[in-house]
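Coordinate inspection notes
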Amino acid sequence: MIPVLLILIPLLGGLATFFIKNAQVSRNWAMLCSILTLAVSLAGIFVYNQPECLKFDAPWIQLLGSRFTIALDGMGQMLCLLTALAFPLIFLATWKNNYNSAGRFFGLMLLAQAGLLGVFLAMDALLFYFFWELALIPAYFLCSTWGGEKRIAATFKFFIYTFLGSLFMLITLIYLYFQTPDASFSIASFHDLNLTISQQNWVFWALFIAFAIKMPIFPFHSWQPDTYEQSPTAV
């Protein structure tokens with residue numbers, strides 16, 4: 001249940017924050033949610049010898065062969081810990097900053113955290129894609145609402161780049177899905193695929209472009225300077 005809590009705490013906490021009108025209360029609530037998330041992430045490290053606590057599997061979109069499968073293991077455990085640690089530090093570092101509609105600001109921040117944690121926990125490719133988008137959408141609204149004077153142009157550029165990256169990823173995942181013998185989006189099924197060299201080449205380059213935009217690396221990096229410059233410090 002630890003992976004479920006890692007997602008549910010910032011997700012439900014973020015949704016609840018939208019209804020908090022007082023700026024200081026919303027700030028305190030966001031900090032509390034982020035600390036609880038960090039505590040759960042730390043707990044996941046100390047129960048490594050209890051694998052049943054680190055995995056969760058449930059039906060999701062059965063028609064498409066996709067399941068809500070998440071697990072806290074390997075590299076994902078470290079990345080979840082870093083993400084859980086970052087948000088309390090972010091809130092602490094910007095504690096004295098005043099935001100218009102603070103409830104929405106902190107709510108979107110927590111939703112972004114839920115998306116990021118989901119990306120590192122997902123064991124299903126379609127679920128991975130869902131959380132990937134969940135992390136990007138709050139970032140877009142955070143930048144466009146609380147950013148600098150040129151925030152609209154910067155976020156539009158950010159949207160175009162990330163949309164193209166997401167499109168490349170989705171097309172590739174759907175292609176791999178049709179190659180699996182069990183018609184599944186399970187990452188384990190993707191690992192067992194026996195693709196030809198030509199198939200591997202185009203799959204690699206399509207996913208490379210998708211992740212290169214997100215990282216970002218040359219020549220897909222030009223969205224980053226503008227977006228970072230115009231975004232609030234916390235974002």
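About the criteria used
Residues numbered from 1 in each chain as written. Predicted model: local features only at pLDDT ≥ 70, side-chain atom pairs only at ≥ 80, totals over all residues. Heavy atoms only, no water. 1 Å grid on protein atoms, 1.4 Å probe; cavity = no way out; pocket = protein on both sides within 12 Å on 5 of 7 lines; lining within 4 Å. Points joined across faces, edges and corners; volume = space filled by probe spheres on them. Helix = DSSP H or I, 4+ residues; strand = E, 2+ residues; numbered from the N terminus. Nonpolar A, V, L, I, M, F, W, Y, C, P; charged D, E, K, R; others polar. Patch = residues over 30% accessible without salt bridge, like charges linked within 9 Å, V, L, I, M, F, W, Y side chains within 5 Å. Areas by Shrake-Rupley, 256 points an atom, 1.4 Å probe, with all protein chains shown as cover. Salt bridge = Lys/Arg side-chain N within 4 Å of Asp/Glu carboxyl O. Buried < 20%, exposed > 50% of the residue type's maximum accessible area, 1.4 Å probe, protein only.

**Observations regarding the layout of surface pockets**
- Quantified by volume, the largest pocket comes out at close to 600 Å³.
- Forming the boundary of the largest pocket are 24 residues, of which Leu 116, Ala 139, Lys 214, Tyr 228 and Val 235 lie nearest the centre.
- Broken down by secondary-structure element, the contributors of at least two residues to the lining of the largest pocket are helix H3 (74-93), helix H4 (102-121), helix H5 (125-146) and helix H9 (223-230).
- Considering every element that reaches the lining of the largest pocket, the biggest residue donor is H5, with five residues.
- For the lining of the largest pocket, a count of residues per class yields 19 nonpolar, four polar and one charged.

**Details of unusual backbone geometry**
- Omega for the bond connecting Met 215 with Pro 216 falls within 30 degrees of zero, at -15°, which places this linkage in the cis form.
- Mapped onto the fold, Pro 216 is located in the loop between helix H8 (197-214) and H9.
- Put simply, Phe 218 and Pro 219 share a cis peptide bond, and its omega is 5°.
- Take Pro 219: it is sitting in the loop between H8 and H9.
- Within the chain, Ser 101 stands out as a residue other than glycine whose phi angle is a positive 50°.

**Brief notes about a nonpolar patch on the surface**
- Taken together, Phe 156, Phe 159, Ile 160, Phe 163, Leu 164, Leu 167, Phe 168, Ile 171 and Trp 202 make up a surface patch of nonpolar side chains, about 820 Å² in accessible area.
- At eight residues, the largest contribution of residues to the nonpolar patch is made by helix H6 (residues 151-179).
- Among the structural elements, Ile 171 can be located in helix H6.
- Of the residues examined, Ile 171 reaches a relative accessible area of 46% and is grouped as partly exposed.

In short, geometric facts, not functional conclusions.
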